[in-house]
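Chain and residue survey
What follows is the residue order along each chain.
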Protein chains: 2
Amino acid sequence: MNIKENIKTLVIKKPLKLDCGKTINNFPLAYETYGSLNENKDNAILVFHALTGDQFVTGINPVTRKDGWWSYAVGPNKSIDTNKYFVICANVIGGCMGSFGPSHKNPDTNKIYGTDFPVITINDMVNAQVNLLDHFEIKKLFSVVGGSMGGMQVLQFISNYPNKASTVVPIACTSSHSAQNIAFNELGRQAIASDHNWSDGKYLSNNTLPDKGLSVARMAAHITYLSKKGLQEKFGRKLQERDALKFGFDADFQIESYLRYQGSVFVDRFDANSYLYITRAMDYFDLVKQFDGNLSNAFKKTKAKFFVISFTSDWLYPTQENKEIVIALNAIGADVGFVEIKSDKGHDSFLLDVPDFLKTLKNFLDKSYSER
Amino acid sequence: MNIKENIKTLVIKKPLKLDCGKTINNFPLAYETYGSLNENKDNAILVFHALTGDQFVTGINPVTRKDGWWSYAVGPNKSIDTNKYFVICANVIGGCMGSFGPSHKNPDTNKIYGTDFPVITINDMVNAQVNLLDHFEIKKLFSVVGGSMGGMQVLQFISNYPNKASTVVPIACTSSHSAQNIAFNELGRQAIASDHNWSDGKYLSNNTLPDKGLSVARMAAHITYLSKKGLQEKFGRKLQERDALKFGFDADFQIESYLRYQGSVFVDRFDANSYLYITRAMDYFDLVKQFDGNLSNAFKKTKAKFFVISFTSDWLYPTQENKEIVIALNAIGADVGFVEIKSDKGHDSFLLDVPDFLKTLKNFLDKSYSER
């Protein structure tokens, strides 16, 4: 696939001091837009993607040739209505869809960074993306919206830039990665690092790919995106193209075949080192600690209107963790709405065709937009 | 470590027809006993071990030099009181602590079996172990007890041999592996198979070991043994021997260090191919299907007294799945007790110092024994 010709890139000239202490500048930030910016420049929504997402939110992703990751929610007349709003989404730094990341060359050495790329944080990601506002001459976004790691970026963004968004929609996320979240991410990282082809991150220079390890990492993550009940209803103990157990180690069960498939298609579109860097950023995310143990302080300076959405069967970022954000906002009298959507589809609910969710998101945005 | 000199082995001469269709005979079954068989030979308890357990239930395991896996529950005056009961435990076939398994040599070819070993089932495991009763001239066991995969063996045993146990104690288990259970096991198998050193299971002949893959498999499984809340309380976001994040990929968090440690010590005591075979046996377990969709029929022929135990925070085999066993027993008017123990320690609760559980198990056994 030729990535470059399909990717719009903004080169960020302004130096960005990263949380790790290093400063980067003249780095690329790949982005995509949908819809049109109005004359007042007050209809822009910055969408943040999750761990394995990218800037191609909706329509056909020109690189993978598949539907954009949020095609259910974003588009003409959809929840995030591109007839009405100007949607911007950037590939996070550390990513592998054009933004500055570990598969880029280090200009100082002319070698691919690999694990010499600086460790980045959610804070670094949003500090890179805020440059898009200057680029489009947008003073204030109508909204910042995102699910999962996208939700973490939403929270970090409004904390860093309290006057740069009118509405704030964190979905299926958390203000601080839990021990179990870190555990699953560490499992994925160890799976990659265990792959003989990973070669301490130097695989691109060696012309090898740690596909097996990355595939195992994806399988592990994928299990956490679905609910136990959802898996049981969808797959249960159904066999894969056979009438009886084969007494071997091929995929007897549909769930095995499904996971293997999820792993195999993932490695075609994602970079193993980016997986390490982005999971690390998620694990480092702790907005509570950033504000000395008081999450409310993260939101003290903003007058934005919040709307927090969780899903009943999400065990990765369960309702309780989403509610902690609501509690912190209520504690300072912020304008906050909250809804828990009933769904058996687990954490992935925000990406899927869950009508209650899609309607709820649309209603919040459209009502807030007409009242602005 | 010299395994052989510490291991008691019974050679099963009688042919055993496996579920896969193959027949095995003259195969070793490694076992251990604790306490003494009384004159009436009616005080024996057959304990079944879980996925990574072995016959060394309590005291110091002579091979690993660590405490036996059920030292909290089994011993003098403990829940399973070895002053009173004669405890027998065998290493499952397919295992790696002396019983017939994939690291043994195929007598026909004089080569190590590897993945040429026949795929075995929970049914095969108990059909091998029932030979221990003849060996000890025990007509009827006082009890069959086991947690997790041990509980599956308990259910299968009493279904196959309805008159061979007076009491039946399945703990933290299920009558049928769920899609999520299969998914996590498949993840572990793929982690092993992805290890360059696994070599299609021929690693012992090649003098290599797929330690990295096996370690990742163990990490994945270990996460499922603990509850989200338990992990959060024990580890949370505590750092490992450092005051601040290091912005690298070493183990910054205690949970990362803990998981890496769990993986690394596991590979010293367990065989990767055995891990494949035993997880496969668990995934194949479906007592409901064995009895044409009616679990009650599995227990119709027995007069044994059942006691089912589950744990509140066990998300691998949640209370609901344990209750389904109780419901099936109640439907045929069987003698069944059930208790859900409150614990934050997840699935591993049955192995740990959970006083309510240990007391409950002791009370059931001792009361049933005095009433027999």
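So, a few notes on the structure that sits alongside this text. (Residues numbered from 1 in each chain as written. Chains lettered and ligands numbered in written order. Predicted model: local features only at pLDDT ≥ 70, side-chain atom pairs only at ≥ 80, totals over all residues.)

Here we come to the relation of the copies chain A and chain B. Between chain A and chain B, which share one sequence, the superposing operator has a rotation angle of 180 degrees and an axial displacement of 0.0 Å; the RMSD is 0.0 Å. Here the symmetry operator amounts to a two-fold rotation axis. When the interface residues of chain A are mapped onto chain B, 100% of them are again interface residues, pointing to one common binding face. (Least-squares fit on C-alpha atoms with pLDDT ≥ 70 in both. Contact = placed C-beta atoms within 7 Å.)

Before going further, it helps to spend a moment on the sheet that holds strand S1 (residues 8-12) of chain B. Residue and element names in this part refer to chain B. One open sheet accounts for eight strands, arranged S1-S4-S8-S5-S11-S12-S13-S14; its pairing is mixed. For this open sheet the edge positions go to S1 and strand S14 (335-341), each flanked by a neighbour on one side alone. Pairs of neighbouring strands in the sheet enclose a mean axial angle of 20 degrees, with direction left out of account. Bridge analysis of strand S5 (residues 44-48) against strand S8 (residues 86-90) gives four bridges, and the strand direction is parallel. Bridging from a neighbouring strand, valine 47 pairs with cysteine 89 of S8. Across the sheet, helix H3 (residues 149-160) touches S5, strand S11 (141-147) and strand S12 (165-171), and the angle it forms with S11 is around 145 degrees. (Pairing = 2+ DSSP bridges. Helix = DSSP H or I, 4+ residues; strand = E, 2+ residues; numbered from the N terminus. Axes fitted to C-alpha atoms, helices over the stretch in contact; angles between N-to-C directions.)

Time to look at the packing of helix H8 (residues 254-266) of chain A against helix H4 (residues 179-194) of chain B. What describes two packed helices is the angle between their axes and the distance between those same axes. Orientation of H8(A) relative to H4(B), taken along the N-to-C sense of each, is 50 degrees, at an axis distance of 9 Å. By the angle between their directions, the pair H8(A) and H4(B) is classed as oblique. Helix-helix and strand crossings are classified by hand; for H8(A) and H4(B) the assignment is right-handed. Between H8(A) and H4(B), the residues in contact are A:Ile255, A:Glu256 and A:Leu259 and B:Ala179, B:Ile182, B:Ala183 and B:Glu186, respectively. Here the contact of H8(A) with H4(B) is built from residues that sort into five nonpolar, no polar and two charged. (Parallel < 35°, antiparallel > 145°, perpendicular 65-115°, else oblique. Left-handed = near helix turned anticlockwise from the far one by under 90°. Nonpolar A, V, L, I, M, F, W, Y, C, P; charged D, E, K, R; others polar.)

Counting residues at the interface gives 43 residues for chain A, matched by 43 residues for chain B. Breaking the side of chain A that touches chain B down by element, the ones donating at least two residues are helix H4 (179-194), helix H6 (211-225), helix H7 (228-234), H8 and helix H9 (272-284) of chain A. Classifying every residue of the side of chain A that touches chain B gives 22 nonpolar, 11 polar and 10 charged.

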